Structures are given as structure tokens and as C-alpha cells.
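Topology and contacts: notes
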Amino acid sequence: MASYSGRGLHGQTVEAVANMIFTGEFSDEDCIDIAGLQDRLGVSSTALREALKVLAAKGLISARPKRGTFVRPRADWNLLDGDVIRWKFAAGPDDAFLHDLHEIRCIIEPSVAGLAARRRDAAQLAALQKALERMDRARGNVDATTAADLEFHRALLVASGNELLIRMDVMMGAGLASRDALVHSAAGTADAVPSHRAVLEAIRAGDAGAAEEAMRALLLQSWRDLDRVRGEHRVHDEHRVNTRTEREDRGREQE
């Protein structure tokens, strides 16, 4: 399913309701007060209805006679949809979700690299080279690095020559973009250029085995970077909770 690209009031309404679901304001099986939600968002009934249709198509909500509109169980959500992944990251992805996403990459991307080594043409090699050069120039710029990294992996999918794998960009792209924005914004992240260059050089040489191994090494580095950043976030969150608890305890002692 293609990712949602609505803009304007309609897009804002979709994003607002999705945020309520992914932050837990609306839990699984919760009924949604349509009239109350309309007043809260300040939109017309038509605008809200159209927004809810988008979320229904992604498996997030449903409507039934006598029950009304409600949030569907998480098991029904289309977690391969690019927008669903993006919303999940925006709300703060849990470690299990990040691990699942990494496992998918480990299953798919080494094979994609191997296929690219066998099938790539001159134009596809040029696209990979261009993305790598952009990544090299973007050092220190989080947005530019993320965009170049995503461009490289998209070009890799195209170079695989498999139409179904190319469509994986909808899911893989959203997850990779969100992961990169998290990792590249953190201090101490390893330089991503050498690992990507190793993949490209193996593909350029037509060595499928070396391309697969280079991609596995890239993914290992990717996971180590992500694990370190997530660990730092957990420590920060624990410190913030402990500080707040200590402050509250001192406040009670002074009363």
C-alpha cells in the first residue's frame, strides 16, 4: 500500500488522529467520540470523515453499527505501511519494534546487495555512486546525511532488478529514514561512508558474495550505533524519572 501523502487541513487531521492513537491517547478497542473529536480538532464532519477513511485503510480504526468508530487491535494494524512506521517512530518506537525492523533488514538487504552485484547496469551504478558522494559531502548535516543514506538504499533496491523488492521501499524507506534521523543526530555515531562504499565496490566488481558480506557488516555497524543511542536514551529517561521522583519526595518532606 502506498504511503499517505496528504497535505493541508486533510493531512493535518490524519496526522493528529494518528498521533492520538500511537501515543496511547486512544488505546486498542477504544471507541472514538466523533462529535467530541470534531470539536477538539475544529474541523468539519466531512474533513474528519475523510481523515478516518485514511486511517481505516491502514488498519488502525474501524466502524460497526451500534458500536461506532473504534481503534482496532494492534495485530490488525498495517505495520508494513510507510506512514504507520513513521507514526510509530514519531511516538517513540519501543526496542522490540526496532529489533524487528533490524531483523527485516538483515533478511532482505544482503540478498538485495547480491542481486545488485549480478544485475546492476551502468545507470544504477551511477545512482549508487551519486548517493555515496552525497553522503560523503553531508557529514555533520543530519538531514542531508539521512537523505543521502536513504537514496543509497533506494538505489540498491532498484539495482536488484526485482520489482517486488523495489516496492519494499515503502516500508524499508520509512523505517530507515526514522532510524537514520535518530542515529545521525547523536554524537559518536560511526562514519557510515566506508561501510556503504564497501557495498558499492563489491557491486561494481560484480562479486555477489562480497556484496552480501559487506552489507552484513554495514547492518552490524548500524545495529551497534542504534543500540548505543537507544541505551543513552534509556539512561537519560531513567535519570529524568529519578530526578522527578527525588524532587517530589523533597516536596513531600517539606510539607
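Per chain, residues are indexed from 1 in the order of the written sequence. Two thresholds apply to this predicted model, a pLDDT of at least 70 for residue-level local features and 80 or more for giving and counting side-chain atom pairs, whereas whole-chain, interface and lining totals are computed over all residues. Excluding hydrogens and water, the side-chain values take into account all heavy atoms of the structure.

1. Things to note about the overall build of the protein
What counts here: Secondary structure is summarised from DSSP: a helix means a run of H or I of at least four residues, a strand means a run of E of at least two, and numbering begins at the N terminus for each. Note on contacts: a residue pair is in contact if any heavy atoms of the two residues lie within 4.5 Å. Note on areas: these come from Shrake-Rupley sampling with a 1.4 Å probe, and a residue is covered only by the protein chains present in the view.
When helices and strands are counted, the protein shows 11 helices and two strands. Put simply, the protein runs from its N terminus to its C terminus through helices and strands in the order α-α-α-β-β-α-α-α-α-α-α-α-α. If you take every contact in the protein between residues at least 6 apart in sequence, the share linking residues at least 24 apart comes to 72%. Of the accessible surface of the protein, which amounts to about 13,400 Å², a share of 52% is contributed by carbon and sulfur atoms.

2. Looking at the environment of Arg137
Inspection of the secondary structure assignment puts Arg137 in helix H6 (residues 122-137). C-alpha separation for the pair Arg137 and Ala148, spaced 11 residues apart in sequence, amounts to 9.4 Å.

3. Things to note about the nonpolar core
Condition: We call a set of buried residues a nonpolar core when its members are Ala, Val, Leu, Ile, Met, Phe, Trp, Tyr or Cys and they connect through side-chain atoms within 4.5 Å of each other. To sort residues, take the accessible area from a 1.4 Å probe on protein chains only and compare it with the maximum for the residue type: under 20% means buried, over 50% means exposed, and anything in between is partly exposed.
One finds Leu128, Phe152, Leu156, Val199, Ile203 and Met215 to be the most contacted residues of the largest nonpolar core, which totals 40 residues. Secondary structure elements with two or more residues in this core: helix H4 (82-90), helix H5 (95-119), H6, helix H7 (142-159), helix H9 (169-184), helix H10 (193-204) and helix H11 (208-254). Per-element tally for this core: the top contributor is H5, with nine residues. Sequence-distant contacts of Leu156, that is, excluding residues within four places in its chain, are made with Val112, Ala113, Ala116, Leu128, Ile203 and Met215. With 22 residues, the next largest nonpolar core counts Val17, Ile32, Leu60 and Val84 among its residues.

4. Brief notes about the pairing of strand S1 (residues 61-64)
Looking along a regular strand, one sees side chains alternate from face to face of the sheet. Basically, it comes down to this: At least two DSSP bridges between two strands are needed for those strands to be called paired.
One ladder, built from four bridges, connects S1 with strand S2 (residues 68-71); its direction is antiparallel. Within S2, the position partnered with Arg64 by the bridge is Gly68.

5. Some points on the pattern of salt bridges
To keep it simple, the criterion reads: For this analysis, a salt bridge means a side-chain nitrogen from Lys or Arg found within 4 Å of a carboxyl oxygen belonging to Asp or Glu.
In this structure the tally under the stated criterion is 17 salt bridges. Here Asp191 makes a salt bridge to Arg139, at a shortest N to O gap of 2.7 Å. Linking Asp191 in the loop between H9 and H10 with Arg139 in the loop between H6 and H7, this pair joins segments that are 52 residues apart in sequence. Residue class for Asp191 comes out partly exposed when judged on its relative accessible area of 36%.

6. Here we look at the packing of H5 against H9
The description of two packed helices rests on the angle between their axes and on the distance between the axes. What counts is decided by this rule: A fitted line through C-alpha atoms represents every axis, and for helices the fit uses only the stretch in contact; the resulting angles, taken between N-to-C directions, go from 0 to 180 degrees. Any angle between 65 and 115 degrees counts as roughly perpendicular, while under 35 counts as roughly parallel, over 145 as roughly antiparallel, and the rest as oblique. A clockwise turn of the near helix away from the far one marks a right-handed crossing, whereas an anticlockwise turn of less than a right angle marks a left-handed crossing. Just so you know the grouping, Ala, Val, Leu, Ile, Met, Phe, Trp, Tyr, Cys and Pro go in nonpolar, Asp, Glu, Lys and Arg go in charged, and all remaining residues, Gly too, go in polar.
The interhelical angle for the contact between H5 and H9, taken along N-to-C directions, is 125°, at an axis separation of 11 Å. Considering the angle they form, H5 stands oblique to H9. Handedness of the crossing formed by H5 with H9: left-handed. Contacts from Leu101, Ile104, Arg105, Ile108 and Glu109 of H5 reach H9 at Met171, Met172, Gly175, Leu176 and Arg179. Looking at the contact of H5 with H9 residue by residue, the classes come out as six nonpolar, one polar and three charged.

7. Overview of the confidence of the model for the protein
Going by this rule: Every residue carries a pLDDT, the predictor's confidence in it, which falls somewhere between 0 and 100.
The predicted model of the protein has a mean per-residue pLDDT of 86, with 87% of residues at 70 or higher. Scored below 50 in pLDDT, residues 235-243 makes zero contacts in the model with residues more than four places away or belonging to other chains.

8. Considerations on the environment of Phe152
Tracing the backbone through its elements, the reader meets Phe152 in helix H7. Between the alpha carbons of Phe152 and Lys130 there is a distance of 8.3 Å; along the sequence they are 22 residues apart. Those residues within four positions of Phe152 in sequence are excluded, and the remaining contacts are Leu128, Ala131, Leu132, Met135, His196, Val199 and Leu200.

9. Quick notes on unusual backbone geometry
Not every positive phi belongs to a glycine, and Glu29 is a case in point at roughly 75°. Along the chain, Glu29 falls in the loop between helix H1 (8-22) and helix H2 (34-41). Backbone geometry at Lys66 places phi at a positive 75°, although glycine is not the residue there. Along the chain, Lys66 turns up in the loop between S1 and S2.

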